[in-house]
Amino acid sequence: MGENDPRIHALLDKLPYTWDRDDTELARQEFLRRRPAVSRRLVEALWRYWEDCASDRPLFDDPEHNLALALHAKAFGVDLTGVEKGGPLHEAVTRIADPALCGPLMPEAPAWGPRAALDPHIRAALRCALLRAWVAVDEQGPVEVLVVGDGLPEIRQQVVQAALVTSLRINGLTEAEGDGYVTDLIGVGVLRITAGSAGQQPAAGLLPVFGARHSSVPDDATATPRGALRDFVALLRSLQHETELVQVTEVGHEDLVEFGQTIRSLADRACADPAKALLRPIADTGGPDAVVSLLPYLRTAREQTTAWGASVGIDLSADLLTTERYQRLELAHQRVLADRLTMDAMLRRDRLLAEIDQQQTELTSYQVASREERTVRWDPTVLLSERWDEHLGRMIKLAEEEECDTEVYFAKNVPHIIKLKHAWAQRMTVLVDNLQTAVHRPHAPARQLAAGRFVDAVLRDAVPDESPATERAFRAWREDVAAMLWFEWRCSLREQLIDPSDLWTPHTAFVTRYLPAVDGDPAVLFTHAYSLVDEDRSAVLADARRGVLVVRDATDHAVRETAEDGAGGAQPPGWDELVRLAGRADCEEETFDSAFLRALRARPRDVVRRMVEELCPSPPDPGEAATIDDLLGRAVRAASLTEGMSRALAAMRGKAFLTARQCLDDVRGEPRWEARAWLLRAVVECTADEIPPQDIPGLLGGRLPGLPLDADRALDEAAELDQEYTTRWLAVLPDHDLDIGVRRLFHGLPPIRSMCREQGREQGGEREFAVWLFRHAVESARLARQLEEAGEELAEDHEAIDVALAKLGKAVEAILTGPFVGGMRGEAQDLFAMLTGEDPPKYGRAVVR
Amino acid sequence: MENELYVVWMVRVSERARTAVGSVLGDLARTDLLRRLAALGQAEERLAELAVRIQAEFTPPELPAVFTENHLRMLVDPRVAPALAQAMDCPQATVLGNLLDADQLALALRDSGDSTGTILDPELLFLSVLPRLPRLAARHGLDSRAWGPFLEDRRWLTPRALDQLTKLARTRGWPPAARPSQILAAVLETAGEEVRSLGPEREFDALALIELRRRIGLLAEHLREEAMRRAEEAALMEPKLSSVSRLPAWLELYERNAVAIGLRRLLTGADSLSDLLQGTHTEPPAVTAEPRPDEFLRITNEIAFGALWKRRVAFDITCLVQGQSDPQVILRCRGLRKDDYTPIRGMIQQLRGRDLVKTGGTLGERLLNTQVAQRKGLRGHLRRVLHRHGPELIQCVVLTGIRQPVPIPSPWHEYLATKLPYQSPPVHDTTFADPTQVNQRLRDSAAGRRIEEIR
């Protein structure tokens, strides 16, 4: 009998108050047979029947089943608060609050302070502040990655996000095989991702480590599962390098498999020979390459195994994922994951296509132009400020600009770049397809991963924190399902004669697999208990009488302490003794290290504080600030031409004309350069007077009537400073569009470094430039922080466009028109266009970038 | 001129901003307002004032922190009925029916000891509940400020009411995280006041916000990369100004939170290899590829020469780099004193590709700029410990709550972050059993069984 049983179908099609005695019996029997994987329809129908038609008596003779029905009803979102007091229903509902029946099973998580972190006997611990990753490799690279530890929130979020993305990429890329379930676990404090070792896959290039962690869609979107896993390992390694709060250990995949087999064989032997217990004690050889694995709790007794299988777990109804609260949770989760990722890849693809389009248009217009037209419309050379990086798939800013013959540029450079960008756009399209498959295919790996993550978190009483919205939604869902899950696990273990404390340990995690409906059997969630097992630091007992493999490590015997420093152990050396030791000429490195570590473990707060104080650098020289101010003043004067003109152009494009004028007023330089600033000022005045950009070249070039007075005056100033250039610029201006006119003004401006050299020639000029770079670096860092802080104020779901602009506008303004920025104005302008919804003017775009 | 771009675009885009600016410049149409802005006298101060007014307009008002018993009583006050009706988008006569769930009120009434249980009308039910609020509070241990969570948990508000209140909060620009009971309290408290609704503004939906955040992230990331690049360049050019030379490390530590790199670069107790080699190296070969991060540097072609009492050593340092299978010579040293050579040799052989600093054009230059522990004294020992036991020490720094490991003034202190961002450390700590105890306890738990030990 199954869900496809016509009798059950007929029963569930009826309204519960029309059930007769046989119907009721059938429903009860079906509930008992299916438990704990009872369907939502059956639970809701039975609950309604009990509440509406039989509330004066228990539905089942066994109170445990009545409680189970109440728990399942709550898990499916039935509101139990309205149950009438005093009756058997109320009694069942009241028992939900009984912690001995429905409370958490997991032991209290240990507080992770410095002493816990320094304990030499701890390595793989779910609560650990250090994220430890074991990367299992074969001859082709990483096969499986196991990351253990809570980590610090700031680092955990990056790693969890990347792990979810990696698993999605792998499962979206892999063709569904067999039942197509996802074996990865992205739990709280434990992540396991497998790329699969079968098949000869093409080797993919490794991602550069630096910068990789910042892009959720890596530029090099390697199209193999192994490549995706390599990207993830690259992120872990970069975090290790930068923070040392992540530690990566490489182990052989063969060793990992062999270790798993060793543990499995213990369970098999215990089953075969129930007369004795097998103990694999902790050897603690201290080997750095010891394997750590996430292994199932295997049964060590054979009786009644047909119902339970070789490992310990329970089936749950997949309907648990259909409740309103779970749907909300899934939505919140996907918003920070798959949706964002797909959007990222689409964004990059669209941007590439837009760039291709733009370059193709420019190329075509060059190709169709006659030789004369080319001479008039294009400069003889093109100033290359960027190059296309084939490996990264993005433009890289050149340190020094390069001149290139325009003909060569359009004959070779542009077609080549278009071809490369096409290839990249194609790769992004493939990635988008893969991601959409990962989220929308029938078994939807994204949904399986999410279900596994949340069921594990509920069972272990942990909270996933990938986003505040997910956290809130998770807490709401947990309120519904937690008691039912704990209760059903208790019942299952009791039936299998397993002591819960043998299974619910500080190193236990739960892996949930979604098994789709087959032959009329409904889809189920298959939740199994696993333990972290450390080859060197876990003891394993296989005893048929216990019914299950028992794993123990140091975290099973945790003693809570206050955070204060204590003596902690026998006579640890104090700080003074360390000082004395270091002062001795014969002090060996190993002796000092060992004494230091003992002191640190005993008094972590004191020792680490003293160490930091001892190594702290001295404050800067008192006169240094004045020196920097002086040098910076000279550098600012030297850079005023380039800086002022760039800022003025950016401000003009943003219709901030007062700012544009102010920037140009501050320009100081040789007359020939100042003349250019005045010519730009003339353009600013025309734009401020709302003259359309296409009319400005003609109006200015011919000094026609209608030219604003201020623009006319600016032209006079320019002519006074450099008559020849002004005349030449004005003469050709009407033949070009405004963009070319503006670009000509910037063409050949001296680099800031040489201007600084000029300004500070008595001291060589390099110091001014160094301080100018220093000030730029400070400002860029400040603006990055200011922008991120403003971004954090954005709402999660909806935000009125003007509210978003109000929140971000000032930060973007500072990047666009503020001093000491440069280089990022183009990107800031794109962001600003998105916020305002208005494309910036076409002229000057290339210069602003 | 600071604030101009901001004010101009806020006025162009937003009706609310126009209202705020209009209160200073006059109630004008958009184009006229923009013209007035373009011709402002004393522009700097006035733009700053306008920017403040715009930001104030967009700063959500503070909602009442709690929903009290008094708010519950206000629900039946006829003076608030119009405001409630407007909030619920229904006639005044049906406000309570739309707002409150009759079933839940009936339960509450029962909870408070009423046994009549025949009323079905939500308004009548609520009127019956009101005098019994103290009983209800006593029964559930509520103080006068705890009614908000209570009526939310007990689902007193109908789903429609929840939707309407959320919508109302959005249209009035109230904080998105406000709880329904807070919104209701705000409606009750502001009843009678003139309330300006924001109207159906154009919105970024969730996906657009994702894209927006992504762009913000990318731009911030590029700004930081730019900052690092320029800081490194400046430090190379002006090593004598400590503010300039320390900036890259400061940015690593406090802006990028690369705590390991930042601490190693900022803390003292180290010398550069260049100092230790005392000028005995030749011009570094032009090897510019990236070193393999996990591979150790090696020493080859070691030759000792000179008289016995002043023996000197020549050697090459090699490194495995990406894309090459053979080690590349990255530095050649000639004539280092034998006594000095031995400890330096050990230091070099402990360095991996990832330990090389980024400063320098070739790998040889990067190696010369790399800091290694001083050879003697407390600082040298501590420095070596920091290198060897980095994970333990950095965890200790973070878990003992040290958020400013380098407390000297920052290179440009008013602009840069000066603290690590990590959360407060736990109040408690834990110690664990050693392996012998773990083994023994497991063995004890199988007492009475024949135990076979497997290794």
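Residues numbered from 1 in each chain as written. Chains lettered and ligands numbered in written order. Predicted model: local features only at pLDDT ≥ 70, side-chain atom pairs only at ≥ 80, totals over all residues. Heavy atoms only, no water.

1. Details of the layout of surface pockets
Piece 1. In this model, the second largest pocket occupies a volume close to 1400 Å³.
Piece 2. Taken together, 43 residues make up the lining of the second largest pocket; nearest its centre are Gln 240 and Gln 247 of chain A together with Arg 388, Pro 391 and Glu 392 of chain B.
Piece 3. Listed by contribution, the elements that provide at least two residues to the lining of the second largest pocket are α7 (114–118), β1 (131–138), α9 (225–243), β5 (246–252) and α20 (589–602) of chain A together with α20 (377–388) and α21 (390–399) of chain B.
Piece 4. Residue composition of the lining of the second largest pocket, by class: 14 nonpolar, 11 polar and 18 charged. (1 Å grid on protein atoms, 1.4 Å probe; cavity = no way out; pocket = protein on both sides within 12 Å on 5 of 7 lines; lining within 4 Å. Points joined across faces, edges and corners; volume = space filled by probe spheres on them. Helix = DSSP H or I, 4+ residues; strand = E, 2+ residues; numbered from the N terminus. Nonpolar A, V, L, I, M, F, W, Y, C, P; charged D, E, K, R; others polar.)

2. With respect to the side chain of Gln 240 of chain A
Piece 1. On the secondary structure map, Gln 240 of chain A appears in helix α9.
Piece 2. When its relative accessible area of 14% is taken as the criterion, Gln 240 of chain A is described as buried.
Piece 3. In contact with Gln 240 of chain A, other than residues within four places in its own chain, are Val 246, Gln 247 and Val 248 of chain A together with Arg 354 of chain B. (Buried < 20%, exposed > 50% of the residue type's maximum accessible area, 1.4 Å probe, protein only. Contact = heavy atoms within 4.5 Å.)

3. Digging into the interface of chain A and chain B
Piece 1. Tallying the contact residues gives 174 residues for chain A and 144 residues for chain B.
Piece 2. A buried area of about 15000 Å², summed over both sides, lies between chain A and chain B, and 63% of it is on carbon and sulfur atoms.
Piece 3. Put simply, chain A and chain B have 19 salt bridges between them.
Piece 4. Joining chain A to chain B, the criterion identifies 58 residue pairs in polar contact (both at pLDDT 80 or more).
Piece 5. If one sorts the elements of the side of chain A that touches chain B by residue count, helix α30 (residues 766–792) of chain A sits on top with 21 residues.
Piece 6. Residues of the side of chain A that touches chain B, tallied by class, amount to 90 nonpolar, 28 polar and 56 charged.
Piece 7. Here strand β16 (residues 799–800) of chain A runs beside strand β1 (residues 203–204) of chain B; their pairing, made up of two bridges, is antiparallel. Within β1 of chain B, the residue paired with Ala 800 of chain A across the bridge is Glu 203 of chain B. (Buried area = accessible area lost by both parts, 1.4 Å probe. Salt bridge = Lys/Arg side-chain N within 4 Å of Asp/Glu carboxyl O. Polar contact = N/O pair within 3.5 Å; in protein donor to acceptor, adjacent residues only side chain to side chain. Pairing = 2+ DSSP bridges.)

4. Examining the sheet that holds strand β14 (residues 550–552) of chain A
Piece 1. Spatially, the four strands line up as an open sheet ordered β14(A)-β13(A)-β6(A)-β8(B), and their pairing is mixed. At either end of the open sheet lies a strand with only one pairing partner, and these are β14 of chain A together with β8 (450–453) of chain B. Taken over all neighbouring pairs, the strand axes of this sheet differ in orientation by 20° on average, direction set aside.
Piece 2. By the bridge criterion, three bridges tie strand β13 (residues 539–543) of chain A to β14 of chain A in an arrangement that is antiparallel. Bridging from a neighbouring strand, Leu 541 of chain A pairs with Val 550 of chain A of β14 of chain A. (Axes fitted to C-alpha atoms, helices over the stretch in contact; angles between N-to-C directions.)

The values are spatial; any link to function lies outside them.
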